[in-house]
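Here's the letter readout for the chains.
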Amino acid sequence: MPVDRPDALPAARRPHRLAGGQPGLLAPGATTDPYRLRLYRLLRTDYPLGYDPGLGAWLLSRYADVALALTDPRFTGYPHDAAPRGRAPVPLGLCRGSLVCVPTAVPYRAAEPAVERTAYVLARRIAGRERADLVADFCRWLPAGAAAAAAGLSYPDLSTLPRHARHRGTGGGVDGCAGPTALREHALGSFLANMLDDPDLLAAATAGTGAGAGTGAGTLLGRAWAETLRRDPPVQIVLRRTRTEVAVSGGTLPADAPVACLIGAAGRDPARFGAPDRFDPLRTDADPLLIGPAGCPAALLGRLEAEHGLRALLTAMPGIRWADGFRPVAGGLLTRGPRTLLVRPS
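Residues numbered from 1 in each chain as written. Predicted model: local features only at pLDDT ≥ 70, side-chain atom pairs only at ≥ 80, totals over all residues. Heavy atoms only, no water.

The helix and strand tally for the chain stands at twelve helices and twelve strands. Within the span of the chain, comprising 346 residues, buried residues form 54% of the whole. By sequence separation, contacts in the chain at least 24 residues apart represent 69% of the contacts at least 6 residues apart. If you sum the accessible surface of the chain, you get close to 15,000 Å²; carbon and sulfur atoms cover 54% of it. (Helix = DSSP H or I, 4+ residues; strand = E, 2+ residues; numbered from the N terminus. Buried < 20%, exposed > 50% of the residue type's maximum accessible area, 1.4 Å probe, protein only. Contact = heavy atoms within 4.5 Å. Areas by Shrake-Rupley, 256 points an atom, 1.4 Å probe, with all protein chains shown as cover.)

This brings us to the packing of aromatic side chains. The geometry of an aromatic ring pair is captured by two quantities: the separation of the ring centres and the angle between the planes. Under the counting rule described, the total for this entry stands at five aromatic pairs. Plain terms: the ring middles of tyrosine 51 and tryptophan 58 are 5.5 Å apart, the flat faces sit at 65° to each other, and that makes the pair edge-to-face. With relative accessibility at 23%, the residue tryptophan 58 sits in the partly exposed group. Between the NZ or CZ atom of arginine 272 and the centre of the ring of tyrosine 63, over which it lies, the distance is 5.4 Å. In this structure, arginine 272 is placed above the aromatic ring of phenylalanine 273, and the distance from its NZ or CZ to the ring centre is 4.8 Å. (Phe/Tyr/Trp six-rings, centres within 6.5 Å; stacked < 30°, edge-to-face > 60°. Lys NZ or Arg CZ within 6 Å of the ring centre and 35° of its normal.)

Summing up the model confidence of the chain, the mean pLDDT is 80 and the portion of residues at 70 or higher is 74%. Every residue in residues 161-174 scores below 50 in pLDDT, and together they form 28 contacts with partners more than four places removed in sequence or on other chains. (pLDDT = per-residue confidence, 0-100.)

This brings us to the nonpolar core. In this structure, Leu70, Leu134, Phe138, Phe191, Leu192, Met195 and Leu310 are the most contacted members of the largest nonpolar core, which totals 68 residues. Leaving out residues up to four positions away in the same chain, methionine 195 has contacts with Leu201, Leu202, Ala205, Leu221, Ala224, Phe279 and Leu310. Counting residues in hydrophobic clusters, the runner-up holds 15 residues, among them Leu43, Ala57, Leu59 and Ile237. (Core = buried A, V, L, I, M, F, W, Y, C linked by side-chain atoms within 4.5 Å.)

Backbone geometry at aspartate 256 places phi at a positive 55°, although glycine is not the residue there. Unusually for a residue other than glycine, alanine 275 sits at a positive phi of about 40°.

Attention now goes to the sheet that holds strand β12 (residues 342-344). A sheet is described by the order of its strands in space; here three strands give the open sequence β4-β12-β9, paired in antiparallel fashion. At either end of the open sheet lies a strand with only one pairing partner, and these are β4 (132-133) and β9 (321-322). In this sheet, β12 lies alongside β9 in antiparallel orientation, the contact comprising two bridges. Pairing of tryptophan 322 across the sheet is with valine 343, part of β12. (Pairing = 2+ DSSP bridges.)

Moving on to helix α12 (residues 297-316). Between its first and last C-alpha atoms α12 spans 28 Å; for 20 residues at 1.5 Å apiece the expected length is 28 Å, and the two agree. A large share of α12 lies buried, amounting to 16 of its 20 residues. (Expected span 1.5 Å × (residues − 1).)

Bringing the packing of helix α8 (residues 182-196) against α12 into the picture now. Packing of α8 against α12 brings their axes to within 10 Å, and their N-to-C directions diverge by 40°. When the interaxial angle is binned, α8 and α12 end up oblique. Remark: the crossing between α8 and α12 carries right-handed chirality. Contact with α8, carried on its side by Arg184, Leu188, Phe191, Leu192 and Met195, involves Ala298, Leu301, Gly302, Glu305, Ala306, Leu310 and Leu313 of α12 and no other residues of that element. Tallied by class, residues from the contact of α8 with α12 come to nine nonpolar, one polar and two charged. (Axes fitted to C-alpha atoms, helices over the stretch in contact; angles between N-to-C directions. Parallel < 35°, antiparallel > 145°, perpendicular 65-115°, else oblique. Left-handed = near helix turned anticlockwise from the far one by under 90°. Nonpolar A, V, L, I, M, F, W, Y, C, P; charged D, E, K, R; others polar.)

To continue, consider the pairing of strand β8 (residues 258-262). Counted residue by residue, β8 has five buried out of five residues, so it is predominantly covered. Burial of the side chains of β8 extends over both faces: Pro258, Ala260 and Leu262 are buried on one face and Val259 and Cys261 on the other. Taken together, the three bridges between strand β2 (residues 57-60) and β8 define a ladder with parallel strand orientation. Within β8, the residue paired with leucine 60 across the bridge is cysteine 261. As paired elements, strand β5 (residues 237-242) and β8 share five bridges and run antiparallel to each other. What sits directly across from leucine 239, in β8, is alanine 260.

Listed below in structure tokens is the structure:
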């Protein structure tokens, strides 16, 4: 359609062009919203392979090419972002690919009571307010609070933690991928934004928050969490390196070349996902690849925080809704999430 062509974009939204016409990934405004700029769409459609000197890497934006880079042995970790080599997990989703944090088949349930308790404490704290910011008052505290409680600290002790501890982990056996919490904050914020944006979906989730709730609600929340990681990934770019020449869409990657896998673009590739911009937990073309290793402790903790966090909010604030005139806006290019989530608790 003509509207998808770069010459049809409003002048204020045209991405900065590199030599040869390719839009620059670090173009003005891209760090604010590469989706609104249609930057990812332009790369997928017209420049599926191109070198970005600002990033110092070749760009892959189509799902098929990104999937290849994440799974094919001709690609390996990129040393400069601490990505592991060999059989260690690729840093993806909430997983940082730490060599000391290997995915496990055993569910990471030891921290679930702490996650649930912390979520309800936080939700009750803000339930009586006229207005609250879920990012500042909930999303930034739940991952750190759960980690602190799992490490044996009581909730009041959490208020004494310096900000760097809330983002880098609290120790006490929570290490590797699961220690730092910033990515889980972003993902939790995006999940809550997507759920609060859909009254019907929120009503279905509300029906499953009571005691004795069946597995249907849990399945729905799990699918909504996975759909959030596809549509609004907290990590937008994963760096890899080629071991040898590799043929991809638009040409051939040279050997020993840094490659930027644009997860945010691949997750909304219409060649792979129907209506890719729509948040649809019930979609039939869901794909676990872009979510990250299923057994990663960070991924499992993130899902626990999302599910228990939403249940706690709905229990403490059944009438929760957006503040008057507020619409959630995400920001960031390397990592991404909503800046604020202003709500009326009742």
